[in-house]
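Observations on chain architecture
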Amino acid sequence: VGPRAWLKDSCSSLANFVIEHLLEHRECEHLPAMPNFTVDQIRTIMDKTEFIRSMSVIAHVDHGKSTLTDSLICKAGIISAKHAGDARFTDTRADEQERGVTIKSTGVSLYFETDDDDGKGSMPYLINLIDSPGHVDFSSEVTAALRITDGAMVVVDCIEGCAVQTETVLRQSLAERVKPCLFVNKVDRCILELQMEPEDMYGRFRKAIEDVNVIVATYHDVLMGDVQVAPEKGTVAFGSGLHGWGFNCERFAKIYAAKMGVDKEKMMGRLWGDSFFNAKKKTWTNVQQPEGCTEPLPRAFCQFIMTPINQLMRAIMDDQKDKYEKMMGTLGIVLKGDDKSLTGKPLMKRTMQIWINAADTLLSMIVTKLPSPKQAQRYRVENLYEGPMDDEAANAIRNCDKDGPLMMYISKMVPTSDKGRFYAFGRVFSGTVATGQKVRIQGPHYKPGSKEDLSVKNIQRTVLMMGRATEQISDVPCGNTVALVGIDQYLLKSGTLTTIEDAHNIADMKYSVSPVVKVAVKVKDGKDLPKLVDGLKKLSKSDPLVVCTTEESGEHVIAGCGELHVEICLKDLRDEYAQCEFTVSDPVVSYRETVNETSNQTCLSKSPNKHNRIYLQAEPMSDELCMAIESGKLGPKAEAKERAKLFREKFDWDENSARKIWAWGPETEGANLVVDATQAVQYIIEIKEHVNSAFQWATKEGPLCEENMRGIRFNIMDVTLHTDAIHR
């Protein structure tokens, strides 16, 4: 090939490459669609508490939370319909988009107008939505999200059913008194990939719903009432987040109730469970094969809901044009503009979106089935507030009054574009938080009346979180989620903001996992040490669960709750917070050593001069007792008489043992005890301190692998001491 021809070829291929690259990039920008609401509209509606819904989306990893959230964000006009499902708008970080997992929970405030069928026309609603991660390593993010929301959308994959993590997050939500409703996702896979019959699908759905209800039923709460989900109540929706369509029984009940001239409520009951429609006699029965019928009747749910969906989707996928056009005509689906030229999967996606739009279904479910802040805070106040239930702060939370005193909980810190600074993200439970307002910032260790962990500062700015962007707003009344600027240096991870002088804290969050995987980090270059120390401080702020400590040996240890969690934390530390090179040791998992049964003999130990003897026995303590010690209820700082009473009544200890606890260990507060079970031994009080210090050391480094001990009670059975003081 001559040089000229070669040049021409390479130029044209380069041009093609550039054009392709530009096209690709144009498609990557998911942001062009304009939101169809303004901050002023949001601000107006914030004052009307009954029109606000705060909800989090929770599920097992990869069951389709972020994808489902997209359909709601698309409805609010923040992303275009074409990108909904693939954009994963709430995965704001680069590594989230890359790995395809959500790592941090992201908040979005959305404004919708929806009609409740109560004759008032369409009312505007504000939905504060938090998309949370599903991975077990990030379950602390889920807890933080649940604390500041009142409702939870539990997403379950209809093919895999209720998975391990679904159970964990459901438990967390019920412990926080968050009301669940269910979305059965990936129904399109049942129809297209597995080509299941409607009756089998019904079985799949029913099993998934029953599994969820089993978990819900174990946490029955009198104040919340019955929160089990059921399709006939309208608290379960089915659909496909990726294709953006979904329905619940209510949706179809409206259509059929109008057609058959019956009540909508009655129809909803018939569209789920064992009810069958006998077309010959035009009657409803609850027997599958009544007398006089040769064939078993199809179930109402299958006949009236799944079969039409099934037929329409199959007709489009098999390209039976006359069949699907006829169906579209009867269903009133009108395709506009470019949509007419679509075929195959894109056409099916678009048709289903027009006919049964997921966002509309979810909206009506969120609005009618999940509680408003005013209703929810009445029963949640006992979980939320640490102080007495009749003081000013508790009443303010219960009434959710925007003109009352301020009570706000900061549940997590969100990194800003400004390196090392954070937005404090949380929810206002009562009163109004405003720019420039002076507030008391109470950390988790604050006790009313003391000055510890308390600072009184002004709030610099209040902003709304919109996924990756933020919107300025002057003030935010109760029932809403908000991010604050300028108070991140006074709080570590979470805390309470209030204007009441004697308010107690809003209770700290209980996590379902604990940080056990530890890695040590060392800087490569000694002069970067201050950077690393500073970076570790910022890192421990950014994640609700990560614990950064300095060992006695001077090592900096980062503890996370799993390999992935630690990996993400280290990446953040390297790129964002410390911005220096460091080496990382292999992960160490902290173990605890314990005994399984009481010693089979009394052990004897002599002092070095052979004149003094100690007789000891070890026995295990129940897990519940260890928890009580670790939480401080039965710890060394608890009130002695109360403590003895608890030991006696709850754990069946005798009076003597409960009073004669010598020490807790390790670190004088761990879950191991030395109990003096001796009778009338002379001089025993002289050796008490020596025994205790030895015990601290022994429990810190156990005999198996030099790890801390846990859950062992050491009984001193007898002690013989020399009569001469010099030999003791």
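Residues numbered from 1 in each chain as written. Predicted model: local features only at pLDDT ≥ 70, side-chain atom pairs only at ≥ 80, totals over all residues. Heavy atoms only, no water.

Structural notes on the confidence of the model for the chain
Confidence in the prediction of the chain, expressed as mean pLDDT, is 82, and 93% of residues score 70 or more. Segment residues 17-33: pLDDT under 50, and 13 contacts once partners within four positions in sequence are set aside and those in other chains are kept. (pLDDT = per-residue confidence, 0-100. Contact = heavy atoms within 4.5 Å.)

A look at the environment of V39
Looking at where V39 falls in the secondary structure, it is placed in helix α2 (residues 39-46). It is 9.4 Å that separates the C-alpha atoms of V39 and Y111, two residues lying 72 residues apart in sequence. (Helix = DSSP H or I, 4+ residues; strand = E, 2+ residues; numbered from the N terminus.)

Overview of the nonpolar core
Across soluble globular proteins, nonpolar side chains have a tendency to be buried as a group. Core analysis: the largest hydrophobic core is formed by 76 residues, its most contacted members being M153, L484 and L497. By residue number, the principal contributor to this core is helix α14 (residues 358-369), which donates 6 residues. For L497, the residues in contact, after removing those within four places along its chain, are L406, M407, M408, I410, V439, R440, I441, I459, L484, I487 and L491. (Core = buried A, V, L, I, M, F, W, Y, C linked by side-chain atoms within 4.5 Å. Buried < 20%, exposed > 50% of the residue type's maximum accessible area, 1.4 Å probe, protein only.)

Describing the environment of A152
Tracing the backbone shows A152 in strand β4 (residues 151-157). Taking C-alpha positions, A152 is 17 Å from T102, a pair spaced 50 residues apart along the chain. Other than its neighbours up to four places away in sequence, A152 contacts S56, I58, L146, V178, K179, P180, C181 and L370.

Overview of the sheet that holds strand β26 (residues 613-620)
Whether parallel or antiparallel, the strands of a sheet pair through hydrogen bonds between backbone atoms. The strand order across the open sheet formed by 5 strands is β25-β26-β29-β28-β27, and the pairing between neighbours is mixed. What marks the edges here is a single partner per strand, and that holds for β25 (603-606) and β27 (661-665). Averaged over all pairs of adjacent strands, the angle between their axes in this sheet comes to 25°, without regard to strand direction. Bridge analysis of β26 against strand β29 (residues 712-720) gives 8 bridges, and the strand direction is antiparallel. (Pairing = 2+ DSSP bridges. Axes fitted to C-alpha atoms, helices over the stretch in contact; angles between N-to-C directions.)

Re the side chain of K104
Secondary-structure assignment places K104 in the loop between α4 (94-99) and β2 (106-115). Exposure remark for K104: the relative accessible area of 13% places this residue in the buried category.

Some remarks on the state of the cysteines
Going through the model one piece at a time under the given rule, you end up with 0 disulfides. Free of any disulfide, C400 has its nearest cysteine sulfur in C478, 3.6 Å distant. On the basis of relative accessible area, C400 is assigned to the buried category, the value being 2%. Distance from the sulfur of C580, which forms no disulfide, to the nearest cysteine sulfur (C548) is 13 Å. Overall, the relative accessible area of 6% leaves C580 in the buried class. (Disulfide = S-S within 2.5 Å.)

Looking at helix α22 (residues 684-700)
With 17 residues, α22 should reach 24 Å at 1.5 Å per residue; the first-to-last C-alpha distance of 24 Å fits that figure. H690 marks the point of greatest bend in α22, at about 25°. Looking at α22, one finds that the buried residues are I684, I687, V691, N692, F695, Q696 and T699. Considering only its buried residues, α22 is in contact with β26, β27, β28 (672-676) and β29. (Expected span 1.5 Å × (residues − 1). Bend = angle between axes of the 7 residues up to and from the residue.)

Overview of the packing of helix α17 (residues 529-542) against helix α18 (residues 563-577)
Put simply, α17 and α18 touch, their axes get as near as 10 Å, and they point 125° apart. Relative to α18, α17 is oriented oblique. By crossing handedness, the relation of α17 to α18 is classed as right-handed. Between α17, through L532, G535, L536, K538, L539 and S542, and α18, the contact on the second element is made entirely by C569, D572, L573 and Y577. Grouping the constituent residues of the contact of α17 with α18 by class yields 6 nonpolar, 2 polar and 2 charged. (Parallel < 35°, antiparallel > 145°, perpendicular 65-115°, else oblique. Left-handed = near helix turned anticlockwise from the far one by under 90°. Nonpolar A, V, L, I, M, F, W, Y, C, P; charged D, E, K, R; others polar.)

Looking at the packing of aromatic side chains
Tallied over the entire structure, the rule returns 17 aromatic pairs. Here F277 and F304 contribute two aromatic rings whose centre-to-centre distance is 5.8 Å and whose plane-to-plane angle is 55°, an arrangement assigned as tilted. Residue F277 is found in strand β8 (residues 276-278), and its partner F304 is found in helix α11 (residues 300-317); the two are separated by 27 residues along the sequence. Look at F304 and you get buried, because its relative accessible area is 8%. Put simply, the rings of Y202, F205, F238, F247, F252, Y256, W272, F277, F301, F304 and W355 touch in pairs and so form one group of aromatic residues. The lysine or arginine in question, R147, covers the ring of Y409, its NZ or CZ lying 5.0 Å from the ring centre. (Phe/Tyr/Trp six-rings, centres within 6.5 Å; stacked < 30°, edge-to-face > 60°. Lys NZ or Arg CZ within 6 Å of the ring centre and 35° of its normal.)

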